[in-house]
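Secondary and tertiary structure notes
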Amino acid sequence: MDLTLTEEHNNIKEAAREFAQRVLKPGVIERDTKGEYPVEGVRQMKEMGFIGMTVSEKYGGGGMDMISYVLVMEEISKIDSSSSVILSAHNSLVCWGIEAFGSEDQKQRYLTKLATGDYMGAFCLSEPEAGSDATSQKTMATDQGDHYLLNGTKNWITNGSTADIYVVIAQTDIEKGHRGINAFIVEADSQGVSTGPKEDKLGIRSSDTCSVMFQDVKVPKENRIGPDGFGFKYAMKTLDGGRIGIASQALGIAAGAYELALAYSHERKSFGKPINQHQAVAFKLADMMVDIECARLLTLTAAKQKDLSLPYSLMAAMAKLKTSEVAMKHTVEAVQIHGGYGFVKEYHVERLMRDAKITQIYEGTSEIQKLVIARSIMKK
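Residues numbered from 1 in each chain as written. Predicted model: local features only at pLDDT ≥ 70, side-chain atom pairs only at ≥ 80, totals over all residues. Heavy atoms only, no water.

**Thoughts on the packing of helix H4 (residues 66-79) against helix H5 (residues 81-101)**
Here H4 crosses H5 at 155°, and the two axes come no closer than 7 Å. Overall, the two elements H4 and H5 adopt an arrangement that is roughly antiparallel. Residues Tyr69, Val72, Met73, Ile76, Ser77 and Ile79 of H4 touch H5, and the partners they reach there are Ser81, Ser83, Ser84, Leu87, Ser88, Asn91 and Ser92. A breakdown of the residues in the contact of H4 with H5 according to their chemical character gives six nonpolar, seven polar and no charged. (Axes fitted to C-alpha atoms, helices over the stretch in contact; angles between N-to-C directions. Helix = DSSP H or I, 4+ residues; strand = E, 2+ residues; numbered from the N terminus. Parallel < 35°, antiparallel > 145°, perpendicular 65-115°, else oblique. Contact = heavy atoms within 4.5 Å. Nonpolar A, V, L, I, M, F, W, Y, C, P; charged D, E, K, R; others polar.)

**Re a negative patch on the surface**
Residues Asp118, Asp164, Glu187 and Asp189 make up a contiguous surface patch of negative charge. By the element assignment, glutamate 187 lies in strand E5 (residues 181-187). Accessibility expressed as a relative area gives 31% for glutamate 187, which makes it partly exposed. (Patch = residues over 30% accessible without salt bridge, like charges linked within 9 Å, V, L, I, M, F, W, Y side chains within 5 Å. Areas by Shrake-Rupley, 256 points an atom, 1.4 Å probe, with all protein chains shown as cover. Salt bridge = Lys/Arg side-chain N within 4 Å of Asp/Glu carboxyl O. Lys, Arg positive; Asp, Glu negative; His and termini not counted. Charge placed at Lys NZ, Arg CZ, Asp CG, Glu CD. Buried < 20%, exposed > 50% of the residue type's maximum accessible area, 1.4 Å probe, protein only.)

**Focus: the nonpolar core**
Judged by nonpolar contacts, the single largest core of 30 residues is most densely connected at Met45, Phe50, Val72, Ile76, Leu87 and Ile244. Looking at this core, the elements that each hand over two or more residues are helix H1 (7-24), helix H3 (39-48), H4, H5, helix H8 (279-307) and helix H9 (313-338). No other element matches H4, which puts nine residues into this core. Ignoring any residue separated from it by four or fewer positions in sequence, one finds phenylalanine 50 in contact with Ala16, Phe19, Met45, Val72, Ile76, Leu87 and Asn91. (Core = buried A, V, L, I, M, F, W, Y, C linked by side-chain atoms within 4.5 Å.)

**A closer look at the packing of aromatic side chains**
Evaluation of the coordinates by the stated rule reveals ten aromatic pairs. By the ring-pair criterion, three or more aromatic residues cluster together here, those being Trp96, Phe101, Phe230 and Tyr234. When the ring centre of tyrosine 148 is taken as reference, the NZ or CZ atom of lysine 221 above it lies at 5.2 Å. (Phe/Tyr/Trp six-rings, centres within 6.5 Å; stacked < 30°, edge-to-face > 60°. Lys NZ or Arg CZ within 6 Å of the ring centre and 35° of its normal.)

**Comments concerning the environment of serine 207**
With respect to the helices and strands, serine 207 occurs in the loop between strand E6 (193-195) and strand E7 (209-220). We classify serine 207 as buried; its relative accessible area is 0%. A C-alpha to C-alpha distance of 22 Å links serine 207 and alanine 15, two positions 192 residues apart in sequence. Residues within four places of serine 207 in sequence aside, it is in contact with Ser82, Val85, Ile86, Lys198 and Lys201. Here the side chain of serine 207 touches lysine 201 through a polar contact of 2.7 Å, side chain to side chain. Here isoleucine 204 takes part through its backbone oxygen, which lies 2.9 Å from a polar atom of the side chain of serine 207. (Polar contact = N/O pair within 3.5 Å; in protein donor to acceptor, adjacent residues only side chain to side chain.)

Quick look at the structure:
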């Protein structure tokens, strides 16, 4: 499989890198400390065409492939993974699902606005007792004839209070099990929709994460995505694509930590020479580079398979598993290479270490990725 980047890919990568350095890096420490939403960064991501970048041009999007998406996510995540997860949730979990499975009416009413950033989107799957288990939904959508009545609570929702549109996974017929689950497009300003306080998180602190509550919310029948009972399949396919986004984020976090550690190792001296000339540090840097390149190849392969309309669930799970482990392992090493300075916010690596942990949790924990991989192995 040819993973050679085209000139267009390299231009997109460079544009994302320049944007992250120029727009996102100034103030990133303050936003993290205060938990402030990156308002200006999101506004400029809209102008850059990163919001809705994977949506086809037919609906007002950038029409970019998944390789481009991975490159943009990596470069932004090196600097500000709070901004990259906003981008990931919007593109991977909302825009892609509506474009792939929504009706033409839904695409015209919602996707065209999501593609330009006029609307921001959020994916509502996780619940207080269900996590990412789409088969254990407590949120109910009761059929009322010409509409559904939606009741329930969703937890850990990225873009929760800033979204204009929610894609909500809900149970409509308990007796049918996973075949009684549906996906709905819900407008955030609908009567009965409310949000909880922003979560005070370990990492990705400036992204908008909160609970979303639905109390007797009327959802028009035409806002159900796909045929009756399609919701479980919708959630599984959407999470597959979402794993490529999170793998890209974890890759960026790891690569950003490596770049900082490498630069610092040239500047810092001990016993009369740069610390990277000491074997202990040099070997750490070598291990970081090897692991990051392996993670990058897995992620690009998953993206390429998706671009070619090939099965990519297994590769996406492997990419998400590997990159999240690499991100956690090597952000810790980056802090170690920095020594005492690594424990200080000014040097950025402590934030990357905190941000890395969430990549092992959302879009399914590492254990879920291993389950997906193991089931694939058993089928062979």
